[in-house]
Amino acid sequence: MKAVVKVRKGVGSIEVRDVPEPQPGPGEVKIKIAACGVCGSDIHVRHDRFPYWPPVILGHEFTGTIVELGSGCRYYQVGERVVAEPHTRSCGQCYLCRTGHIEICPQKRSPGWGIDGAMTEYICYPEQLLHRIPDQMTWDQAALVEPTANAVTDVLLRTGVVAGDYVVVQGPGPIGLLAALVARAAGAREVAIIGAPGDVELRLPTARKLGFTQVINIAETDPVEAVLDQTRGIGADVVVECSGSPKAIAATADLVRKRGKICAIGLAGGQPVELPWDKFAFKVADVRFSLSTEYQAWDRTIHLIASGLVPAERIITHREPLDRWERVFDEIENLRALKALLIP
Ligand SMILES: [Zn+2]
Ligand SMILES: [Zn+2]
């Protein structure tokens, strides 16, 4: 079968290769992949900026149909359509695993970098990490469950946006836009979206198309002034930081209201970030960090997308065959794509 493989360590070194079809081990099902989204982590593996164990098939944002059961499978059947938590190789014994947080187990090695992923035709996967999707859910919608489950984990479970909140999202990439959709579904009275000049071509117009009206380009409008203006000088109840830009991260202290919450999602790529510490103190702000997806986020996300409350599939800009991976990765890096799917 064809697969997009990171063949060795170093920058680049990705090829479409013919690899043997995997066979399901005990407790694993074999899934025929219908679509696999391209994630920021796949791009980071391309550029050698993320841990990985080559040769490894890329991709973890997948959906598909079960075609075979390994020995001992108890909960799923051939023909069922599923999505999968990417928390493979979590140990099951450490403090985090035992308290329900397999997603941040130090032993975890996810598909796409730690073990073979889903930019291919078939994957064998532990049954216990699967979630069924409803019949009416499209493959486009299902492929967006994993990234949306991140937004649900961060914005709903960790930060706790509640109805009536004024929410600011800075960094309108795929996760930022999904976070905005999730905040709106949670009943936010307003979700203001802040972007940079690089976002003018695709990301900010997409935000408008999704129905967000307070869309701010920092090159034209001072976001802090705009948000204070909209909130009668109080500030945002919740600031969702998805940009990873050190300046924007520091500015969360100016955007948030006193005793407001900051949902920290974007990574700064290893660079140090200078923070106005006393400002955070005087704002009495809660800063919530998040990584990956909690178990409770998954079925909730499936329902939110399937019901149309979170139209996550509307951020898909590209659907391409595996052979076209390079063009797709380039488009993402040049900010000409939001969510791209590879269809085997
Ligand atoms: Zn992802
Ligand atoms: Zn563990």
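Going by the structure above, here's the rest.
Thresholds applied
Residues numbered from 1 in each chain as written. Chains lettered and ligands numbered in written order. Predicted model: local features only at pLDDT ≥ 70, side-chain atom pairs only at ≥ 80, totals over all residues. Heavy atoms only, no water. Pairing = 2+ DSSP bridges. Helix = DSSP H or I, 4+ residues; strand = E, 2+ residues; numbered from the N terminus. Axes fitted to C-alpha atoms, helices over the stretch in contact; angles between N-to-C directions. Contact = heavy atoms within 4.5 Å. Donors = N, O, S within 2.8 Å, 3.2 Å for Na, K, Ca; no water. Buried < 20%, exposed > 50% of the residue type's maximum accessible area, 1.4 Å probe, protein only. Tetrahedral: all angles 85-135°; square planar, octahedral: opposite > 155°, others 65-115°. Salt bridge = Lys/Arg side-chain N within 4 Å of Asp/Glu carboxyl O. Phe/Tyr/Trp six-rings, centres within 6.5 Å; stacked < 30°, edge-to-face > 60°. Lys NZ or Arg CZ within 6 Å of the ring centre and 35° of its normal.

Draft legend 1. Structural context of the sheet that holds strand β2 (residues 14-18). With antiparallel pairing, the 3 strands of this open sheet are ordered in space as β2-β1-β4. Looking along the sheet, the strands with just one partner apiece sit at the ends: β2 and β4 (56-57). Relative to β2, strand β1 (residues 2-6) runs antiparallel, the two being bridged by 5 bridges. Among the inter-strand pairings, Val4 is bridged to a residue of β2, identified as Val16.

Draft legend 2. Molecular detail of the sheet that holds strand β14 (residues 286-289). If you walk across this open sheet you meet the 6 strands as β11-β10-β9-β12-β13-β14, and the pairing is parallel. Only two strands of the sheet have a single neighbouring strand rather than two, namely β11 (215-217) and β14. Between one strand axis and the next, the sheet turns by 20° as a mean value, whatever way the strands run. Pairing between strand β13 (residues 256-264) and β14: 4 bridges, direction parallel. In the strand pairing of β14, Cys263 is matched with Arg288. Against the sheet, helix α5 (residues 174-185) touches β9 (166-170), β10 (190-195) and β12 (236-241), its axis set at about 170° to β10.

Draft legend 3. Quick look at the coordination of the zinc ion (ligand 1). In this structure, Cys39 (SG), His60 (NE2) and Glu61 (OE) serve as the protein donors to the zinc ion (ligand 1), at separations of 2.2 to 2.5 Å. Along the chain, the residues donating to the zinc ion (ligand 1) are arranged with the sequence spacing C-x20-H-E. With Cys39 in the loop between β3 (28-37) and α1 (40-46) and His60 in the loop between β4 and β5 (61-69), this pair connects stretches of sequence that are 21 residues apart. His60 matches Cys39 in its accessibility class, with the two residues each being buried.

Draft legend 4. Spotlight on the coordination of the zinc ion (ligand 2). Only Cys91 (SG), Cys94 (SG), Cys97 (SG) and Cys105 (SG) from the protein reach the zinc ion (ligand 2) as donors, at distances of 2.3 to 2.4 Å. The site at the zinc ion (ligand 2) holds 4 donor atoms, and with the angles between them running 104 to 114°, its shape is tetrahedral. All donors of the zinc ion (ligand 2) belong to a single chain; written as a sequence motif, their spacing is C-x2-C-x2-C-x7-C. Classification of Cys97 as buried rests on a relative accessible area of 10%.

Draft legend 5. Layout of the pattern of salt bridges. Applying the stated criterion to the full structure yields 17 salt bridges. Salt-bridge contacts for Arg203 lead to Asp199; the nearest nitrogen and oxygen are separated by 3.4 Å. Connected through shared salt-bridge partners, Arg8, Glu15 and Arg17 make up one network.

Draft legend 6. Layout of the packing of aromatic side chains. Throughout the structure, instances matching the rule amount to 4 aromatic pairs. An angle of 80° between the planes, with centres 5.4 Å apart, marks the rings of Phe50 and Trp113 as edge-to-face. Taken together, the residues Phe50 in the loop between α1 and β4 and Trp113 in the loop between α2 (95-98) and β7 (122-126) connect sequence positions 63 residues apart. Residue Phe50 is classed as partly exposed on the basis of its relative accessible area of 27%. Relative to Phe329, the ring of Trp325 lies with its centre 5.2 Å away and its plane at 90°, an arrangement referred to as edge-to-face. Note that Trp325 and Phe329 are positioned in helix α11 (residues 325-333) at a spacing of 4 residues, about one turn of the helix. The class for Phe329 is buried, based on a relative accessible area of 0%. One cation-aromatic arrangement involves Lys9 over Tyr52; the distance from NZ or CZ to the ring centre is 3.9 Å. The ring of Trp53 carries the charged tip of Arg109 above its face, separated from the ring centre by 4.1 Å.

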